Amino acid sequence: MLVKTRQKEKKIRDVSEGKVENQGEMEPLKEARKRVEGSSSSDNSNGRTSGGGRRSPTNCLIKPPVKKNTIPIDLKLRAVERARFAHQVVEKRRLIKQYKMERERQQKLEEEEEIKRLRKELIPKAQLMPYFDRPFVPRRSEKQPTVPREPKFCIPRHKADVMQ
């Protein structure tokens, strides 16, 4: 579909520039161009097209392309450049992975060295052993024993009024 549209646009440009090999094939295009040019001269003075603002289908054929088609001149050169770029991307990813692994290895070595240093600096302190030669005999307390009280299950009236 896109190829046919491009071919039609190319034919129209060739007709307008006068580069036509087969005149019989281009006659319908020339007539359509004349109709469009004739209708553009019969436009209203305010710049609007006649017929409620609609454009004729032949007018759509003559529109110039908005963007020029950029077809790579040498496809082999493009393929070589693309392969070179892909290789650079793979190489960069490999270097990043290698850098991460190296950094992790360095961090692990630093942690191991830190643990070794802390173990050397740490002075172990022994706990004193309890004396088992004297048996432990608990002494009787000198305090008075507590006096038990009955719990109060009823609430006094003055506290009940405050709660409500």
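Computed from a predicted structure; not experimentally measured.

1. Points about the overall build of the protein chain
And then number 1: Along the protein chain, the regular secondary structure elements total five helices and zero strands.
And then number 2: Order of helices (α) and strands (β) in the protein chain, N terminus to C terminus: α-α-α-α-α.
And then number 3: When the accessible surface of the protein chain is totalled, it reaches about 17400 Å², and 56% of it is carbon and sulfur.

2. Brief notes about the confidence of the model for the protein chain
And then number 1: Confidence along the protein chain averages 76 in pLDDT terms, with 64% of residues attaining 70 or more.
And then number 2: Put simply, helix α2 (residues 23-41) is where the protein chain has its lowest mean pLDDT, 59, and helix α4 (residues 75-121) is where it has its highest, 94.
And then number 3: For residues 41-50, every residue scores under 50 in pLDDT, and the model assigns this stretch four contacts once sequence neighbours within four places are set aside.

3. Some words on a negative patch on the surface
And then number 1: On the surface, a cluster of negative charge is contributed by Glu110, Glu111, Glu112 and Glu113.
And then number 2: The exposure class of Glu110 is exposed, given its relative accessible area of 51%.

4. Quick look at the pattern of salt bridges
And then number 1: The full count for this structure, using the stated rule, is four salt bridges.
And then number 2: Between Glu102 and Arg105 there is a salt bridge, with the nearest N and O atoms lying 2.6 Å from each other. Of this pair, Glu102 and Arg105 both sit in helix α4, separated by three residues, roughly a single helical turn.
And then number 3: With a closest N to O distance of 2.4 Å, Glu114 and Arg117 form a salt bridge. You can see Glu114 and its partner Arg117 sitting in helix α4, three residues apart, about one turn around the helix.

Rules of the game
- Residues numbered from 1 in each chain as written.
- Predicted model: local features only at pLDDT ≥ 70, side-chain atom pairs only at ≥ 80, totals over all residues.
- Heavy atoms only, no water.
- Helix = DSSP H or I, 4+ residues; strand = E, 2+ residues; numbered from the N terminus.
- Areas by Shrake-Rupley, 256 points an atom, 1.4 Å probe, with all protein chains shown as cover.
- pLDDT = per-residue confidence, 0-100.
- Contact = heavy atoms within 4.5 Å.
- Patch = residues over 30% accessible without salt bridge, like charges linked within 9 Å, V, L, I, M, F, W, Y side chains within 5 Å.
- Salt bridge = Lys/Arg side-chain N within 4 Å of Asp/Glu carboxyl O.
- Lys, Arg positive; Asp, Glu negative; His and termini not counted.
- Charge placed at Lys NZ, Arg CZ, Asp CG, Glu CD.
- Buried < 20%, exposed > 50% of the residue type's maximum accessible area, 1.4 Å probe, protein only.

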